[in-house]
Amino acid sequence: MKINQHTTDHTLTLVLDGELDASSSVLLDTELNQPSILEYQKVLIDCQRLNYISSAGLGVFISHLQRFQDANVKLVFFNMQEKVHNVFEILGLDSLLTIVPSEAEATAI
Amino acid sequence: MQPFALLSWVGLLVCTLLYARPTLAPGVGTPPSWLLLGVQAIFAAAVFLQERARPDRLRGLDFVGLLRSLVFGPGLLATICVLLHLIERLLKTQVPSTSPMLFTVLYTVNVGLFILFLARTNYSWRSLVLFRSSARLRRIWEWFELLLGITLLLSLVPRSLPYSLTTALLGGLAVLGVYISSHQKWVAYLNRRQKIQAVLLQAGIIVAMGVFAAYFLQTQYDPLLVAPAPQHAFLVLNAFFAAFYAFMGLMVTFFNLPTAGVFEQKREEILSLQRLTQLIQKSQTPEEVYRMLFDSAIQTVEADAAWLEVESTEGIDYTGQHYHISPDQAAAIQRLLTEYNLGHIEYLNNDLQNSAGFRSLELSYGSMIVMPLRSSKRQYGALYMLKEQRQGFDRENLSILQTFTSQTVLSIENLQLMQASIQNQLVQEELKIASSVQDSLIPKDLPIDNWFEISSHAQAAKEVGGDFYDFLHLPGRRLAVLIGDVSGKGITAAFHVAQMKGIFHALMQENPLARNEREKFPVPSKFMAQANSALARCLERSAFITASLYIIDYEHGGFVFARAGHCHTLYYHSIKEEVSYFHTAGLGLGIIRNDSYEKHIKNQFYDYNPGDVMVIYTDGIVEARNAAGEEYGEDRLQQMLERTYYMDAAVIKESILTDLEEFSRGQPMHDDQTLLVIKFRASQPDIPL
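Residues numbered from 1 in each chain as written. Chains lettered and ligands numbered in written order. Predicted model: local features only at pLDDT ≥ 70, side-chain atom pairs only at ≥ 80, totals over all residues.

Under the annotation held in an unreviewed UniProt entry, chain A carries the name Anti-sigma factor antagonist and is attributed to Hymenobacter fodinae. Under the Sequence similarities (unreviewed entry) heading, UniProt states for chain A: "Belongs to the anti-sigma-factor antagonist family." (UniProt positions renumbered as here; feature names shortened; annotations may be inferred.)

Novice: Break down the overall build of chain A for me, with residues and values.
Specialist: Assigned secondary structure in chain A consists of 4 helices and 5 strands. Element order for chain A, N to C, with α for helix and β for strand: β-β-α-β-α-β-α-β-α. (Helix = DSSP H or I, 4+ residues; strand = E, 2+ residues; numbered from the N terminus.)

Novice: Residue-level account of the overall build of chain B, with values.
Specialist: Helices and strands together make up the secondary structure of chain B, namely 18 helices and 15 strands. Looking at the 689 residues of chain B, the share that counts as buried comes to 36%. In chain B, 73% of the contacts between residues at least 6 apart in sequence involve partners at least 24 apart. (Buried ≥ 20, exposed ≤ 12 C-beta atoms within 10 Å, placed from the backbone. Contact = placed C-beta atoms within 7 Å.)

Novice: Requested: an account of the nonpolar core, with residues and values cited.
Specialist: Residues and elements named next belong to chain B. Judged by nonpolar contacts, the single largest core of 97 residues is most densely connected at Met528, Leu549 and Leu641. Discounting residues that sit within four places of it in the chain, Met528 has contacts with Leu549, Ala562, Ala564, Leu589 and Ile601. Ranked by size, the runner-up nonpolar core spans 57 residues in total, among them Phe63, Ala119, Met209 and Phe212. (Core = buried A, V, L, I, M, F, W, Y, C linked by C-beta atoms within 7 Å.)

Novice: Quick rundown of the pairing of strand β5 (residues 379–387) of chain B? Include the residues and the values.
Specialist: Residues and elements named next belong to chain B. Summarising burial for β5: 8 of the 9 residues are buried, a large majority. Bridge count for strand β1 (residues 305–310) against β5 is 6 bridges, and the pairing is antiparallel. Across the sheet, the residue bridging to Leu308 is Leu383, located in β5. In terms of strand pairing, strand β4 (residues 367–374) meets β5 through 8 bridges, oriented antiparallel. Bridged to Met368 within β5 is Leu386. Connecting β4 to the next strand, β5, in antiparallel fashion are 4 residues. (Pairing = 2+ DSSP bridges.)

Novice: Could you give an account of the interface of chain A and chain B, naming the residues involved and the relevant values?
Specialist: Tallying the contact residues gives 11 residues for chain A and 16 residues for chain B. Looking at the side of chain A that touches chain B, the elements with two or more residues in it are α2 (55–70) and α3 (82–91) of chain A. Grouping the amino acids of the side of chain A that touches chain B by side-chain chemistry returns 6 nonpolar, 5 polar and no charged. (Nonpolar A, V, L, I, M, F, W, Y, C, P; charged D, E, K, R; others polar.)

Novice: Lay out the sheet that holds strand β13 (residues 604–607) of chain B in plain terms, naming residues and giving numbers.
Specialist: Residue and element names in this part refer to chain B. On the basis of which strands lie adjacent, the open sheet formed by 5 strands has the order β7-β8-β9-β10-β13 and antiparallel pairing. Because the sheet does not close on itself, it has two edges, and the strands there are β7 (467–474) and β13. Adjacent strand axes in the sheet meet at a mean angle of 15°, parallel and antiparallel pairs treated alike. Bridge count between strand β10 (residues 558–564) and β13: 4 bridges; the pairing is antiparallel. Each bridged residue has a counterpart across the sheet, and for Phe561 the counterpart in β13 is Gln604. Docked against the sheet, helix α14 (residues 490–507) engages β7, β8 (478–486) and β9 (545–553), running at close to 15° with respect to β7. (Axes fitted to C-alpha atoms, helices over the stretch in contact; angles between N-to-C directions.)

Novice: Quick one: what's the story with the sheet that holds strand β4 (residues 74–78) of chain A, residue by residue and with numbers?
Specialist: Residues and elements named next belong to chain A. Taking strand neighbours across the sheet as the criterion, the 5 strands line up as β1-β2-β3-β4-β5 in an open arrangement whose pairing is mixed. Every other strand in the sheet has two partners, leaving β1 (2–8) and β5 (98–100) as the edge strands with one partner each. Each strand of the sheet is rotated relative to its neighbour by a mean of 25°, with strand direction disregarded. Looking at chain direction, strand β3 (residues 42–53) and β4 are connected through 5 bridges and run parallel. When the sheet's bridge partners are listed, Lys42 is paired in β4 with Lys74. The strands that α3 touches are β3 and β5; relative to β3, the one it contacts most, it runs at about 110°.

Novice: A description of the packing of helix α17 (residues 633–644) of chain B against helix α18 (residues 649–663) of chain B should follow, citing residues and the corresponding values.
Specialist: Residues and elements named next belong to chain B. At a closest axis distance of 10 Å, the pairing of α17 and α18 adopts a crossing angle of 140°. In this view, α17 runs oblique relative to α18, as classed from their interaxial angle. The crossing of α17 and α18 is right-handed. Contacts between α17 and α18 pair Leu637, Met640, Leu641 and Thr644 from the former with Val651, Ile652, Ser655, Ile656 and Asp659 from the latter. Looking at side-chain class alone, the contact of α17 with α18 contains 6 nonpolar, 2 polar and 1 charged residues. (Parallel < 35°, antiparallel > 145°, perpendicular 65-115°, else oblique. Left-handed = near helix turned anticlockwise from the far one by under 90°.)

Novice: Any chance you could break down unusual backbone geometry for me, citing the residues and the numbers?
Specialist: Phi is positive for A:Asp9, close to 45°, though the residue is something other than glycine. Here A:Asp9 lies in the loop between β1 and β2 (11–20). The backbone phi angle of B:Glu577 is positive, close to 55°, even though this residue is not glycine. Mapped onto the elements of the fold, B:Glu577 is located in the loop between β11 (569–573) and β12 (578–582). Assessed through the 10 C-beta atoms surrounding it within 10 Å, B:Glu577 is described here as exposed.

Novice: Provide a residue-level description of helix α9 (residues 232–282) of chain B, including the pertinent values.
Specialist: The end-to-end C-alpha distance of α9(B) is 64 Å, clearly below the 75 Å that 51 residues give at a rise of 1.5 Å each. B:Pro258 marks where α9(B) bends most, by close to 65°. (Expected span 1.5 Å × (residues − 1). Bend = angle between axes of the 7 residues up to and from the residue.)

Novice: Go over the confidence of the model for chain B, please, and point to the residues and values.
Specialist: Averaged over every residue, the pLDDT of chain B is 85; residues scoring 70 or more account for 95%. For this predicted complex, the interface confidence reaches an ipTM of 0.92, while the overall pTM sits at 0.56. (pLDDT = per-residue confidence, 0-100.)

Novice: Break down the environment of B:Trp125 for me, with residues and values.
Specialist: All names here are of chain B. As for its position among the elements, Trp125 is in helix α5 (residues 99–129). Considering only alpha carbons, one finds Trp125 and Ala246, 121 residues apart in sequence, at a separation of 8.3 Å. Those residues within four positions of Trp125 in sequence are excluded, and the remaining contacts are Ala242 and Tyr245.

Set out below in structure tokens:
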């Protein structure tokens, strides 16, 4: 699992590459835990290369959901592979999170 | 050999008697003197050969025992010799007429005793000379024996041999005896006490030798003696060697006495190291190991005062101990060392009073060793040894303490490893218990009714799992079925499983305030909302639970269910003859932890028909992977039901599991797997009992 990030103005984009399982979700948690992350207006998660997400990975997003909402930071997922999207959907997270097909749409929000 | 020696001695005695008084046997006459000497030589040879053939008298390192048996065995022969001589003198005053013959007989007896004594002594010396000797020395000894044997023949040949040759042979043998006498390696193996004993015993042998020598010197020219001179060369050489070796041994031992203490100390050090190693291995706790080290170290370097400082470790109260020094004094010295940056490094000071800082402490110690206890990983503490005198310690003390401490540290680390493995074992045991507790939470008796068939399968990937399912009969011919999965694995997940079961049984209680039959029990969506708020307070932030609750009303042939983020239900519709998933919305439990959760969960009603099949499972089934990394998936599961829907519930379940097993063969099981198959049957009227 690799996590690359790039920023533009008020947007932070995290590019997830690989499988988000119990061990790699610790990495993601560290990234999302940085206090500076709440200074952005938007945090975009690029899921194009995210091949698999375990319940531990989902747990990381879930645990930060409230914090992002309170700080008024938008969390947007895009480029999600179908099987990963399916996992989000089964858990009911699709109704809770913003998941859009492309980066353009994600930036437009 | 023994009877031969005895026989030859009897022969010697007879010959001597005849020689002394030929009138005893007039027919035989006086035996010639060569015969007498010959018999004597045969006797000497027999005794020496007999002694030579005996097994080594030295047992292990018991040199003192060897000397003692020599002194108190053959050594006492000298006393007999003296006694016989005294008796003879006493008799001479009483019966003068018998004395020449008696004198001669006693002389012969004494010659025999002397030969016995020499043989025994010199073969005892052989044991000492050849103790851990080289092959060369062994060869020299054999030559020495052979040449001595030749001297035995010397007196038998006519006295025509050139004087110089005899002298050269005898002189050479004497020199060889002196050379052999310089081999006193055994002395080094005696401790101080044994050395003193050895000196006394060797002196005893020399005294015995002196007694014989004095007797023979005195009787040699006695007018009463009517026997030919005995085997001079052989006996003198043997006596010389016996006495000289004893004398050399005595000297060597005597001059080794002052250094015996040092030898002994070194020996003691080695022994105490062995002892320490053995004891330490038996020790059960680090504290015992430290105590053992402390006691052995003090004993070995003979410290006047000492203390051991052990850094406090988890679970051990022991922080060290003091010997003949108060903790305050120790602390003061330690402060001083820290000031000089000498704390916890290997350090030897043999002139403490030379240091102004130490003098200011007003302690009388002159020497000190600091020996740290450490491994490559960490520091365990340090050992401090003090002596009153200056120059009290040497490099050897330092190195032996080094060995002690490294042995100790090794043992401490071994103990820690052992404790860790025991701890690990305990955890494994507890996991086993947890596993069996969890096993008892899984319903063993499936509901049986003629309206439906249920078949179930549950397998945890590890000792304890995060999957759960349960059944509850509700009044009014209804059955509640719960299935779910706690995120994460291990003990935490298992704990939440137990919690979910508790919540299930608590919420599925009859509400006494209900206005009608239908409201007596919560509908699935209501149940999920209540469970969510119950879990909100105790589930850790990143954990969540997925669950589905079905309430089957088999009186009315329908069911209602809610899906809280759990896997979709696979269903075979017998009327439509098709297999599909119920795609309903529903959020997992613990994701939203406020009242708004209720908006995210829906009830789904369905009227079933006989022959319908419901397949309920956890993600461990559909996410199982094959060697290529592909997931089993919902589609494959759906195809399986399309192929098997007409069979019994148990057969459908087995077919799915077999297919899954084939799919993921050889792959480790990553997640718990739970599978329930419910098949509805044609409704049958109740048969009144």
